[in-house]
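# Structural features, examined
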Amino acid sequence: MTLAQTLLELGRHHRAALSARDRTDFEDELDRLRMMRVAEEGLGFGDYLPDFALEDGAGRTWTSGELLDRGPLVLALFRGDWCPYCDLTMAALEEARPAIEALGATAVGIMPDGREHIARTAARRGIGYLLLSDPANGFSRTCGLAYDLSPEHIRLHRERGRDLPARHGDSTWRLPVPAVFVVEPNARVAFAFADVDPARWPDPEAVLTSLQELRDAHALSNR
């Protein structure tokens, strides 16, 4: 079963386990975000990645320019390790990391938790790629890929013990849209996937195919 299939099956299981009220509130939130076209209006194919300067778990600041100087980026926006879909996708990105690096690219994950939590997440999950902290979803907002939660969605998180503003160093209940990008060294987005449904992520093979196409195009241009 592919990652995408696994996540969708997990989503069906989770929704079936919700109470009628919780399931309705969750579905209404997805409908609201789809009507707002949050994913469609944010960073997409052909756009240029906004500059960033974000800290890793050790407190080192990494800039987008520094990383792009190395080659293409595979950049993922995660909601947090409390999200089972993000958790599985983080693991899948780590599994794909050797193939990503073999194609000359660098994998980077970005999530709104503070850097101390980022460090714990990377250690606990055995993540070898860069995991960067995006306080208050500042970078995700710059990409147009963050949204304020509805009161009903806030209730769902409160009842599960998640104080998202405290985790994110924010005054607002806000989350990033789950997203994955392949970014060329000139900062142009060559592959983009974003969906407000946290159970929907692309398979790593789609990212690897994009990287291979970039490599092939570069090889042709240098003939």
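Okay, so let's go over this structure. (Residues numbered from 1 in each chain as written. Predicted model: local features only at pLDDT ≥ 70, side-chain atom pairs only at ≥ 80, totals over all residues. Heavy atoms only, no water.)

## Looking at the packing of helix 1 (residues 3-17) against helix 5 (residues 84-102)
This is how the line gets drawn: Fitted lines through C-alpha atoms give the axes, limited to the stretch in contact for helices. The angle between two N-to-C directions lies from 0 to 180 degrees. Where helices and strands are cited, they refer to DSSP runs of H or I of at least four residues and of E of at least two residues respectively, numbered from the N terminus. Here the word oblique covers every angle except those under 35 degrees (roughly parallel), over 145 (roughly antiparallel) and from 65 to 115 (roughly perpendicular). Handedness of a crossing is defined here by the sense of rotation of the near helix relative to the far one, left-handed for an anticlockwise turn of less than a right angle and right-handed for a clockwise turn. Should any heavy atoms of two residues lie within 4.5 Å, those residues are counted as being in contact. Residues are sorted three ways: Asp, Glu, Lys and Arg are charged, Ala, Val, Leu, Ile, Met, Phe, Trp, Tyr, Cys and Pro are nonpolar, and all the rest, Gly among them, are polar.
For the pair helix 1 and helix 5, the least separation of the axes is 10 Å and the interaxial angle reads 165°. One way to sum up the angle between helix 1 and helix 5 is to call them roughly antiparallel. Relative to helix 5, helix 1 is oriented so that their crossing is right-handed. Where helix 1 approaches helix 5, its residues L3, T6, L7, L10, G11 and H14 are matched on the opposing element by P84, Y85, L88, T89 and A92. Here the contact of helix 1 with helix 5 is built from residues that sort into 7 nonpolar, 4 polar and no charged.

## A few points about unusual backbone geometry
Counted only if it meets this: Think of it in three bands: residues with accessible area under 20% of the maximum for their type are buried, residues over 50% are exposed, and the middle band is partly exposed, with areas taken using a 1.4 Å probe on protein chains only.
The phi torsion at R37 lies on the positive side, around 55°, for a residue other than glycine. By the element assignment, R37 lies in the loop between helix 2 (20-36) and helix 3 (38-41). The exposure class assigned to R37 is partly exposed, which follows from its relative accessible area of 41%. The phi torsion at N137 lies on the positive side, around 55°, for a residue other than glycine. Looking at the secondary structure, you find N137 in the loop between strand 5 (130-133) and helix 7 (138-142).

## A closer look at the pattern of salt bridges
The criterion, for reference: In what follows, salt bridge is the name for a side-chain nitrogen of Lys or Arg lying within 4 Å of a carboxyl oxygen of Asp or Glu.
With the rule as written, the count across this model stands at 25 salt bridges. Between E55 and R115 there is a salt bridge, with its nearest N and O atoms 3.4 Å apart. Note that E55 is positioned in strand 1 (residues 53-56) and R115 in helix 6 (residues 115-125), a separation of 60 residues in sequence. Where R60 meets E66, a salt bridge forms, and the shortest distance between an N and an O atom there is 2.4 Å. A residue is classified by how much of its surface remains accessible, and E66, at 27% relative accessible area, is partly exposed. Salt bridges linked by common partners bring R15, E27, D31, R34, D197 and R200 together as one network.

## So, the side chain of H153
Defined as follows: Throughout this description, a polar contact denotes any pair of N or O atoms lying within 3.5 Å of each other; where both atoms belong to protein, one of them has to be capable of donating a hydrogen while the other can accept it, and for residues adjacent in sequence the pair is counted only when both atoms sit in side chains.
The topology assignment puts H153 in helix 8 (residues 151-159). Classification of H153 by relative accessible area gives buried; the value is 5%. A polar contact is formed between the side chain of H153 and the side chain of E29, at a distance of 3.0 Å. The residues touching H153, leaving out its near neighbours within four places in the chain, are E29 and Y147.

## Section: the nonpolar core
Under the convention used in this document: Residues belong to a common nonpolar core when they are buried Ala, Val, Leu, Ile, Met, Phe, Trp, Tyr or Cys residues joined through side-chain atoms within 4.5 Å.
Among the nonpolar cores identified, the biggest contains 68 residues, and L49, F78 and F139 are the most heavily contacted of them. Considering each element in turn, this core owes the most residues, 7 residues, to helix 5. Those residues within four positions of F78 in sequence are excluded, and the remaining contacts are C86, T89, M90, L93, G109, I110, M111, P112, Y129, L131, P176 and W201.

## Some words on the environment of T142
Assignment of secondary structure puts T142 in helix 7. Along the primary structure T142 and F52 are separated by 90 residues, whereas in three dimensions their C-alpha atoms are 9.3 Å apart.

## Some words on the sheet that holds strand 1
The condition is simple: Strands are treated as partners if at least two bridges between them are detected by DSSP.
Pairing in this open sheet of 7 strands is mixed, and the strands run 2-1-5-4-3-8-9 from one edge to the other. Bordering the open sheet on either side are strand 2 (61-63) and strand 9 (189-194), each of which pairs with just one other strand. Sheet twist, expressed as the mean angle between neighbouring strand axes with direction ignored, is 30°. Across 5 bridges, the pairing between strand 3 (residues 73-77) and strand 8 (residues 179-183) is antiparallel. Paired with L75 across the two strands is F181, which belongs to strand 8. Sitting on the sheet, helix 5 is in contact with strand 3 and strand 4 (106-111), with an inclination near 160° to strand 4. Across the sheet, helix 6 is in contact with strand 1, strand 4 and strand 5; its angle to strand 5 comes to roughly 155°.

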